[in-house]
Amino acid sequence: MSQTKYCRYMNEVARRREPSLLRELFSMQVEAPDDAVFLMAGMPSPDTFPLVEGSLTLRDGRTLTLSPKKMVDCLQYGPTPGYPPLLKQLKDLTKRLHGPPTWQDSEVVVTTGSQSGLLMAMEMMMSPNDYVIIEEPCYTGAISILAPYSPRYLPVKTDSEGMIPGSLEAALSRWRPQDAEDAHSDIPKFIYTIPTACNPTGAVTSEKRRREIYKIACEYNLLILEDDPYYFLQFMDEENFPPSYLKLDTEGRVLRFDSFSKIIAAGLRVGWVTGPQPLIRKISLHKGASVISSASMSQVVVSELLEMWGDEGLKNHVREVRLFYRSQRDAMLLAAERHLSGLCEWSAPAGGMFLWIKAGCISDTWSMVLERAMKKKVMVVPGHGFLTDSAKACQYLRLSFSANTPLNMEKGLCSLAQLIREEIELQNTHQLLQKKG
Amino acid sequence: MVLGVENKIKLDVNDTALSLPRIRLVSAPLLRGRMDYSRFLSTNAKTRKPSWITQLRSYLANPSSDILWLAGGHPDASLFPFKETTITLKNGQEIHLNQDLMATSLQYGPIEGHTPLLKYLADLTQKLHSPPRWSETRQLVTVGGQDGMAKAFVMLTDPGDYVVVPEPCYAGIFSELTSLNPHYLPVEEDEEGMRSDLLRSALARWKSEIGETHSEKRLKFMYTNPSGSNPSGTNMSEKRRREIYALACEYDFLILEDDAYYFLQFQDDFPPSFLSLDTEGRVLRFDSFSKTVSAGLRVGYVTGPEFLVEKISQHIMATVMGGSSLSQVLVTELFHMWGLEGFLRHVKEVRDMYRRRRDAALSAAEKHLTGLCEWRKPGGGMFLWLKVPKVKDTQAMLLERGTKKSILLVPGNGFTTRPELPCQYMRASYSTVLPEEMDKAFQILAEVIRDEIQLNNEVK
């Protein structure tokens with residue numbers, strides 16, 4: 001796609017964003033010769049920073065050292081796009097894993113967790129009352145970002161193979177593909193999806209489906225926001241991972257959101273966005289105007305860790321993480337089979353941390369969870385928040401198999417089964433009373 | 001009755017007498033009822049709701065520890081690769097993050113910020129500012145002070161709204177605010193800070209020409225950077241602060257107090273902050289650790305009326321979600337180690353260092369730039385704001401010709417609401433420059449300016 005074509009996706013606020021001379025000058029300073037006397041950066045003096053050096057002990061016994069020089073990097077403002085060594089590592093990693101077809105026209109920016117990248121991307125594009133294509137059920141965090149724009153949702157149905165292309169086509173049926181050329185058309189700008197181990201369903205969109213969906217996106221000139229924080233938490237072997245949308249992106253329409261939150265540390269807030277240069281530039285401008293730079297120390301620590309591990313080390317670590325979550329999933333499925341058979345339906349999640357179950361005999365899980373679950377000493381999430389209309393009745397529940405022992409899962413599901421049985425009783429009694437009354 | 005202490009407080013820490021800013025006596029009758037803040041909100045903010053998960057959490061408050069929690073969305077911390085951390089301080093002491101603290105540092109934290117940190121921030125804020133409406137005040141940790149401001153701008157500004165800004169104004173503000181398309185009411189300053197007389201006449205003129213409608217609030221807020229302001233280094237006097245606060249009440253606008261350089265005021269007796277004068281609940285105050293502890297940790301905080309801070313937190317929930325836990329844990333550990341007194345001792349040392357650098361910059365300026373530039377002595381902060389009367393526009397001089405001589409100051413036009421107009425000002429930063437470097441720099445700068453004047457004459 002040509003540079004100018006990306007204007008279609010930008011709202012008024014994004015178009016008005018301009019490069020800040022201060023941030024530009026900052027980058028100049030970083031690249032300047034040593035004898036240049038720069039008097040411009042509003043950088044505080046490192047002499048005032050009280051922390052001098054440090055070391056982190058890893059679980060495997062090794063030590064990661066933060067020398068005084070590295071500590072200054074940790075404590076000083078960094079360039080907006082990201083701590084340069086980390087940025088390079090992330091670019092190399094992304095290229096290695098996804099081999100994006102339009103790599104030479106792509107850019108990467110580090111973000112304070114992938115959620116902030118997602119927000120900046122959506123806020124770059126959304127205008128009030130825009131139509132939004134989003135899979136359902138979907139991640140509640142995306143709904144939080146979109147809510148202030150009072151969007152008109154076009155939810156796309158999903159199953160255990162992910163987003164259903166036929167449903168996507170139906171959602172787009174009120175427009176013709178050429179409507180994207182019309183500046184006054186209300187045709188949507190993007191499709192939002194979590195193609196790997198979708199939160200909450202755990203479904204991994206198959207390769208076949210991804211190719212069909214990408215084709216539809218090309219036809220209607222839509223961007224694809226590929227939110228992939230569970231990429232490394234797919235339970236199949238790496239060789240069998242379906243290609244990411246970024247990997248399929250021959251036309252430069254994918255913005256991909258990666259995260260270290262599930263594999264290295266959520267609290268460090270390190271994620272990154274990859275996509276077409278004009279869009280990443282706008283996102284960087286937003287970042288520069290808000291957080292200025294992501295936490296330098298977090299970035300330095302992640303960078304040093306990746307350096308210490310090398311490609312092999314990262315591969316081994318994510319394998320360990322994958323095997324862990326897979327065994328957790330297996331324990332959860334075992335417990336579910338034991339206690340919830342006949343009461344609920346579910347598909348085995350192909351990745352991630354969650355089990356999405358349908359309590360088919362219950363018309364709505366909301367009050368069961370919020371009013372009665374605590375007494376049974378078990379807590380789960382009712383499915384409503386994962387729908388574009390959380391006021392609708394919902395029969396689903398989301399269970400997490402992260403941070404719980406198999407024994408606790410057993411106990412938890414046993415209690416949950418009781419809760420559901422009692423709820424059915426309650427429902428029947430209620431219906432009987434209604435009939436009599 | 002909200003109490004303050006009228007006289008200067010002197011804190012004797014070892015042999016160092018540390019003065020705390022004077023805190024004013026404020027009596028209850030001056031406190032009006034709670035404002036209706038919804039009038040100030042942008043459409044974006046009005047439509048923003050708490051996240052569904054947050055709402056869920058409020059139903060599930062105080063679960064007992066024997067509940068089997070299958071409701072979390074947190075990744076399993078056992079897989080996070082780091083176990084412990086040790087950080088050495090300048091004075092040789094160590095901060096040690098044991099496994100528990102490390103686990104906290106590596107996991108998602110509360111949206112409003114690390115709880116022990118918020119406790120210190122509350123104590124510090126009460127000690128320094130004694131906000132008159134403290135019981136209705138709330139605080140949030142933000143990813144640097146600027147992110148709090150960016151979120152406040154989005155919360156308050158609809159296209160066409162009116163906002164008051166100082167002239168000159170911190171350029172970083174325009175990055176976020178201009179894209180929201182407000183009308184600016186810029187007000188000039190003198191050595192005491194923003195001119196309250198000019199503010200009054202600007203507001204009076206605005207009122208007669210535009211004014212508010214019945215249904216829509218148009219004049220939303222004033223942005224101010226009242227201590228060691230960026231770029232001019234001005235400290236706003238107490239008199240001006242009171243006059244301006246009175247105008248805010250009269251014309252009904254909020255005050256966004258960006259006080260990143262609060263501790264870098266070079267006088268011993270600080271004027272009261274807008275927060276400490278805030279009897280009506282109009283002030284959103286943005287503090288930062290960037291100039292005193294670390295810029296790269298990205299830790300700042302916002303203090304203000306509950307209603308408005310809650311809105312900001314809803315936006316934060318959808319984006320950075322509480323910022324780096326590791327950064328916040330480290331700042332907290334520093335507070336544990338130092339206590340508030342130790343922290344205030346530290347910032348005094350920081351201030352003294354910047355004051356020495358300011359003095360070196362002024363010496364160098366007097367030596368090399370007399371006759372070429374005009375400037376006022378900075379009362380705080382990190383910058384020297386220079387005017388070059390014989391040069392029409394500093395931009396080309398600096399970006400094209402200055403860089404060739406390996407020197408670069410920031411052209412002043414970016415600090416105005418009309419950057420397309422020629423500007424005779426430029427900003428020099430003395431924060432990281434040693435005295436001898438400063439001398440050399442201004443020597444070169446003088447050459448650049450003389451060359452430029454020559455160039456202009458030749459063109460004529």
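A brief structural summary. (Residues numbered from 1 in each chain as written. Chains lettered and ligands numbered in written order. Predicted model: local features only at pLDDT ≥ 70, side-chain atom pairs only at ≥ 80, totals over all residues. Heavy atoms only, no water.)

1. What to know about the overall build of chain B
Okay, so step 1: When helices and strands are counted, chain B shows 12 helices and 18 strands.
Okay, so step 2: By its C-alpha atoms, chain B is 85 × 60 × 45 Å across when sized along the principal axes.
Okay, so step 3: Put simply, chain B has 460 residues, and 62% of those count as buried.
Okay, so step 4: Here the analysis covers contacts within chain B between residues at least 6 apart in sequence; of these, 73% occur between residues at least 24 apart.
Okay, so step 5: For chain B, the accessible area works out to roughly 17700 Å², and carbon and sulfur atoms hold 50% of it.
Okay, so step 6: Averaging the positions of the 55 positive and the 57 negative side-chain charges in chain B gives two centres separated by 3 Å. (Helix = DSSP H or I, 4+ residues; strand = E, 2+ residues; numbered from the N terminus. Buried < 20%, exposed > 50% of the residue type's maximum accessible area, 1.4 Å probe, protein only. Contact = heavy atoms within 4.5 Å. Areas by Shrake-Rupley, 256 points an atom, 1.4 Å probe, with all protein chains shown as cover. Lys, Arg positive; Asp, Glu negative; His and termini not counted. Charge placed at Lys NZ, Arg CZ, Asp CG, Glu CD.)

2. Thoughts on the interface of chain B and chain A
Okay, so step 1: Between chain B and chain A, the residue contacts involve 106 residues of the former and 105 residues of the latter.
Okay, so step 2: A combined buried area of about 8800 Å² lies between chain B and chain A, and 63% of that area is made up of carbon and sulfur atoms.
Okay, so step 3: Remark: the boundary between chain B and chain A carries three salt bridges.
Okay, so step 4: Asp47 of chain A is the salt-bridge partner of Arg357 of chain B, the closest N and O atoms lying 3.0 Å from each other. (Buried area = accessible area lost by both parts, 1.4 Å probe. Salt bridge = Lys/Arg side-chain N within 4 Å of Asp/Glu carboxyl O.)

3. What about the side chain of Ser261 of chain A?
Okay, so step 1: Mapping Ser261 of chain A onto the fold places it in the loop between strand S10 (254-259) and strand S11 (271-276).
Okay, so step 2: For Ser261 of chain A, the residues in contact, after removing those within four places along its chain, are Ala266 and Arg269 of chain A together with Pro75, Phe80 and Tyr108 of chain B.

4. A word on the pattern of salt bridges
Side chains that differ in sign of charge can pair as their charged atoms come close.
Okay, so step 1: In this structure the tally under the stated criterion is 57 salt bridges over all chains.
Okay, so step 2: Salt-bridge contacts for Arg17 of chain A lead to Glu176 of chain B; the nearest nitrogen and oxygen are separated by 3.2 Å. Of the two residues, Arg17 of chain A sits in the loop between helix H1 (12-16) and helix H2 (21-30) while Glu176 of chain B sits in helix H6 (residues 171-177), which places them in two different chains. Comparing Arg17 of chain A with Glu176 of chain B shows no difference in burial state: the two are buried.
Okay, so step 3: Of the charged contacts in the structure, one is a salt bridge between Arg256 of chain A and Asp258 of chain A, with a shortest N-O distance of 2.8 Å.
Okay, so step 4: On the accessibility criterion, Asp258 of chain A (5% relative accessible area) is buried.
Okay, so step 5: Several salt bridges share partner residues, and in doing so they unite Arg39, Glu212, Lys217, Asp252, Glu280 and Arg282 of chain B into one network.

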